[in-house]
Amino acid sequence: MQKSLLYPINNIKRHRESLDGLWQFKFDPKDEGEQQGWKDGLSETIDMPVPASFNDFFTDKESRDYTGTFWYQREFYAKEEADSDILLRFGSATHHAEVFVNGVSVGEHRGGFLPFELNVSEAVKFNAKNIVVVKMNNILSRTTLPAGVTETLASGRRITKPFFDFFNYAGLQRSVHLVTVPKTRILDFDLTYELADNQAFIDYKITTSDNAAGQISVELYDEDDQLVTEASGSEGKLTVNDPTLWKVLDSYLYRFVIKVQDGDAIIDEYEQAIGIRTVEIQGEKILINGEETYLKGYGKHEDADIIGRGFSYPMNKRDFELMKWSGANSFRTSHYPYAEEVYQMADREGFLIIDEVAAVGFLESIVNFLAASQGTDVDFFEAHPNLDELQKNHIEDIHDLILRDKNHPSVFAWSLLNEPSTTTEAANEYFGPLFEAAHKYDPQQRPRTFALVMYSTPDACKCYHHADFLSLNRYYGWYVKGGSDFEDAERLFRDEMDAWVELDLNKPMIFTEYGTDNYIGESKLPSVMWAEQYEDEYLDMYHRVFDDYDMVQGEQIWNFADFQTVEGLMRVNGNKKGVFTRQRQPKRVAYKLKERWENIK
C-alpha cells in the first residue's frame, strides 16, 4: 500500500485517540535491552512526558547529554471495528525508532523530524490491555539528516558531536495517536491552483488504497460551511466563481472534503482546510496570487525551556502573536520540518513558510566552517565515506516532507539544505537529484532553494544555479570583520552583492540568516560586540544594503528566540541571537525590527 501521511482526524469513518501523556522511559547505555527482552515490557522505569524532549527533565549532566539507545512504553486499549485497520502514528521519533506491540515488531523508522504510521492490526488484542514499546536512539552519523558523529569515551560513555549549531534534543517530541481507519481508504490527495477572470480552478487527484471500490466525490465548502462546488471521480477540476483567496496575513480557508461511497453508504471520508493561492517566481520578484511579496520574518527553532523540541500549542501560539506584533509575515523551519500543527496554525494566520529538510551539518562543524573560509577545509562531499546512502536518505526525506506538507497554503517554498559545502563538483553532482526530486514530488512545483553559507560566494559556489531563488546566510560584522569598523564589514558585504549582480541571475534573493548575539541589558558606548548598541549599528548597516539592491526580496533574521546549543567557547548557555529571549520576551532589537517591518509593504 502506498505510504500515507495524512494528518489523523475524527469523523464518521475515522477515529484518532491521543496517546500523549506520561510514558515509561529507560536508558539503555549498554545496548542490552533487546537481549533482555525489553520489547515485551520495561521494568525499573521513570515517567516521561510525551510530547517532549527527554533531555532537560534531568538534573544530572550525563542524562541530559545522553547519547545511545533508550526506550519508551505505555499501555493502550483498542476497539475492534469491522473492515478497519488499527494504526499507530508518531508525529516524529528522534532519530531512529523500532516499535513493538505486545512484543511483536511492527516496524521502524529513520529520521527524527517527520511522521510515520504503522499498521498494528495483526498485533493488537481487542478489548484487552496492549503494550507499545519503542526502542529509540539519538545517534548521529555522516549519513543521517542532520549529520554528525557519535564517539565513545574511555569510560564507555557515548557523546554526540553534531555538525550543526543547535542542541541534539531527542525523544518522542511530537504527538502519538492510535488511529482507526477503513481498510478501503483515502491515502493522499494532490491539489494545484490556477487563477483567471475572477475564477479559481482547482485540479485535484485522489489516491486510494489498492482495494478501493466505489464512487469518489469531492466537495468544497466556504468558511460559512456553504457548499461552493463539487465533482466526482478520482481526478478532476473544481471551478470556484468569485473565490476568496488565501493571502499573506489575510488567510481564507475552504474545507476540502473527499468521500468514497458505495451507493449511499460512505466507505471513507477525509477533509482538510485548504487555501486557494498561487506562487510564482517572476524575474527578481516573488509573487503570491500574482502580487509582489517581500518576506519579513525569522529563522526559527522548535526550542523552549524544559520541553526542548517538544511541540506545545501554548508556546507556538505565543510565537505567532509575537511574529504578528513585530510585523513579520514569514519564517523558515530551520533546520528541519516542524510539527504538523505549526503549519496548520500558519495556514490560519496567513504566514508564509520556507519549509526546510533536516539536511544540516553537511559542512561538519563551525570549526570546519572557519577553516573553509580560509580555504583549508576538506570538502564534506568529496571526503564522504558513503555519499550514495546519504543521498538516498536525503531524497527519501524530501519525498516525505512534500508528501506531508504539499497541501498547506502557508508552504510556498522548499529549502533542501542549510549551509552545505558548495565549492566542489562533487557537491554540484549531489545537489542535482535533490532538486529534481523536489519538482517530481510536488504537484504545485513550488520554488526550491537552499541556504548558502558565508563562504559560498559567487566566485566559489558551484551550486547556486540549482535554486529558484537565492537564500543567503551572511554575518559581515559578526563572524567576518566582527568588532571592527562597520565600514570595513559593509565594504565586503557590498563587494559580494555586486558580484551577485554581475552574474545577472534574474532571481530573487532572500537573507535567511543575519544577526548578532546579544544580551539584554548589555550596553556600552562606544559599542562592543554583544552590546545592544552594536546590534543596532549592525542592523542599520544590513538594512542599508538590503534597500540598495532590487534583487533582495526578503529578510529573515537569525533568530526568532534564543535557543539551546552544545557547550562551547562560542556559546554562553546557548545561542543568544534571538530577537526574543528563550522565554519569549522582547529584546531591544524587537522594537527596531517592528518599526522597519511595519513600514515595508
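What counts as what
- Residues numbered from 1 in each chain as written.
- Predicted model: local features only at pLDDT ≥ 70, side-chain atom pairs only at ≥ 80, totals over all residues.
- Heavy atoms only, no water.
- Helix = DSSP H or I, 4+ residues; strand = E, 2+ residues; numbered from the N terminus.
- Rg over C-alpha atoms; globule rule 2.2 N^0.38 Å.
- Buried < 20%, exposed > 50% of the residue type's maximum accessible area, 1.4 Å probe, protein only.
- 1 Å grid on protein atoms, 1.4 Å probe; cavity = no way out; pocket = protein on both sides within 12 Å on 5 of 7 lines; lining within 4 Å.
- Points joined across faces, edges and corners; volume = space filled by probe spheres on them.
- Nonpolar A, V, L, I, M, F, W, Y, C, P; charged D, E, K, R; others polar.
- Axes fitted to C-alpha atoms, helices over the stretch in contact; angles between N-to-C directions.
- Left-handed = near helix turned anticlockwise from the far one by under 90°.
- Contact = heavy atoms within 4.5 Å.
- Patch = residues over 30% accessible without salt bridge, like charges linked within 9 Å, V, L, I, M, F, W, Y side chains within 5 Å.
- Areas by Shrake-Rupley, 256 points an atom, 1.4 Å probe, with all protein chains shown as cover.
- Salt bridge = Lys/Arg side-chain N within 4 Å of Asp/Glu carboxyl O.
- Lys, Arg positive; Asp, Glu negative; His and termini not counted.
- Charge placed at Lys NZ, Arg CZ, Asp CG, Glu CD.
- Expected span 1.5 Å × (residues − 1).
- Arc of directions from axis to C-beta.
- Polar contact = N/O pair within 3.5 Å; in protein donor to acceptor, adjacent residues only side chain to side chain.
- Pairing = 2+ DSSP bridges.
- pLDDT = per-residue confidence, 0-100.

*Asks:* Before we go on, may I ask you to explain the overall build of the chain in this structure?
*Replies:* Tallying secondary structure elements over the chain gives nine helices and 30 strands in all. Compactness check: the chain gives a C-alpha radius of gyration of 24 Å against a globular reference of 25 Å for 601 residues, within 12% of the reference. Overall, the C-alpha framework of the chain stretches about 75 × 70 × 45 Å when taken along its three principal axes. A total of 601 residues make up the chain; the buried ones form 60% of that total.

*Asks:* I'm lost on empty space enclosed by the protein in this one. Help?
*Replies:* Gaps between atoms show up when a probe of the same size as a water molecule is rolled over them. Taken as a whole, this structure holds six cavities of 30 Å³ or more when the rule is applied. Put simply, the largest cavity is a space of about 150 Å³. Taken together, 20 residues make up the lining of the largest cavity; nearest its centre are His301, Glu302, Asp303, Asn316 and Asp319. Looking at the lining of the largest cavity, the element that brings in the most residues is helix H2 (residues 313-325), giving five residues. For the lining of the largest cavity, the per-class residue count stands at nine nonpolar, five polar and six charged. Taken as a whole, the second largest cavity spans an internal volume of roughly 110 Å³. Lining the second largest cavity are 13 residues; nearest its centre among them are Leu6, Arg14, Leu87, Glu117 and Val181. For the lining of the second largest cavity, the secondary-structure elements that each account for two or more residues are strand E5 (84-90), strand E12 (176-182) and strand E13 (186-196). Broken down by class, the residue content of the lining of the second largest cavity amounts to eight nonpolar, one polar and four charged.

*Asks:* Any chance you could explain the packing of H2 against helix H3 (residues 340-349) here in plain terms?
*Replies:* Helix-helix packing: each pair is described by the crossing angle between the helix axes and the interaxial distance. It is at 11 Å that the axes of H2 and H3 come closest, and there the two elements cross at 35°. Handedness of the crossing formed by H2 with H3: right-handed. Residue-level contacts link Tyr313, Asn316, Lys317, Phe320, Glu321 and Lys324 of H2 to Glu341, Val342, Met345, Ala346 and Glu349 of H3. Partitioned by chemical class, the residues of the contact of H2 with H3 number five nonpolar, one polar and five charged.

*Asks:* Explain the layout of surface pockets to me, please; I cannot follow it from the model alone.
*Replies:* Taken as a whole, the second largest pocket holds about 460 Å³ of empty space. Lining the second largest pocket are 24 residues, and of these Tyr7, Glu271, Gln272, Ala273 and Gln344 sit closest to its centre. Of all the secondary structure elements, the ones that give two or more residues to the lining of the second largest pocket are strand E18 (254-262), strand E19 (265-274), H3 and helix H5 (387-405).

*Asks:* How should I be thinking about a negative patch on the surface in this particular structure?
*Replies:* On the surface, Asp495, Asp498, Glu502 and Asp504 cluster together to form a negatively charged patch. Turning to its location among the elements, Asp495 is positioned in helix H7 (residues 486-503). Given the relative accessible area of 42%, Asp495 is considered partly exposed.

*Asks:* What is the right way to look at H2 in this model?
*Replies:* One turn of the α-helix equals 3.6 residues, which is why residues spaced by three or four share an orientation. The first and last C-alpha atoms of H2 sit 18 Å apart over 13 residues, in line with the 18 Å expected at 1.5 Å per residue. Among all positions in H2, only Asn316, Asp319, Phe320, Leu322 and Met323 are buried. Mapping the buried residues of H2 onto a view down its axis gives an arc of 165°, with all of them on the same face. Where H2 is buried, its residues contact strand E23 (295-299), strand E24 (330-332) and H3. One side-chain oxygen of the residue at the start of H2 lies 3.1 Å from the amide nitrogen of Met315, identifying that residue as Ser312.

*Asks:* What is the right way to read the pattern of salt bridges from this model?
*Replies:* When charged atoms on two side chains of opposite charge get close, those side chains can pair. Scanning the model with the defined rule gives 49 salt bridges in all. Measuring nitrogen to oxygen at the nearest pair gives 3.0 Å for the salt bridge that ties Lys317 to Glu321. Highlighted residues: Lys317 and Glu321, both in helix H2, separated by four residues, approximately one helical turn. Glu321 is the salt-bridge partner of Lys324, the closest N and O atoms lying 2.9 Å from each other. One end of the pair, Lys324, and the other, Glu321, are both in helix H2, three residues apart, so they sit about a helical turn from each other. For Lys324, a relative accessible area of 33% translates into the label partly exposed. The class for Glu321 is partly exposed, based on a relative accessible area of 33%. Look at the salt bridges and you will find they share partners, linking Lys61, Arg64, Asp65 and Glu567 into a network.

*Asks:* So what exactly am I meant to see when it comes to the sheet that holds strand E2 (residues 21-28) here?
*Replies:* Adjacent strands of a sheet form backbone hydrogen bonds with each other and so pair up, either parallel or antiparallel. Reading across the sheet, the six strands line up as E3-E2-E4-E9-E6-E7 and stay open at both edges, with antiparallel pairing between neighbours. Both edges of this open sheet fall to strand E3 (46-50) and strand E7 (104-110), since each of them pairs with a single strand only. This sheet shows a mean twist of 30° between the axes of neighbouring strands, independent of strand direction. Relative to E7, strand E6 (residues 96-101) is paired through six bridges, and the arrangement is antiparallel.

*Asks:* I'm lost on H5 in this one. Help?
*Replies:* An ideal rise of 1.5 Å per residue puts 27 Å on 19 residues; H5 measures up with 27 Å between its terminal C-alpha atoms. Looking only at H5, the buried set comprises Leu390, Gln391, Asn393, His394, Asp397, Ile398, Asp400, Leu401, Ile402, Leu403, Arg404 and Asp405.

*Asks:* Mind showing me how you'd approach the confidence of the model for the chain here?
*Replies:* Detailed reading of the predicted coordinates is not advisable wherever pLDDT is low. A residue-level look at the chain finds 97% of positions with pLDDT of 70 or above and a mean pLDDT of 94. This model gives residues 367-376 a pLDDT under 50, and the stretch forms 11 contacts once residues within four places in sequence are excluded.

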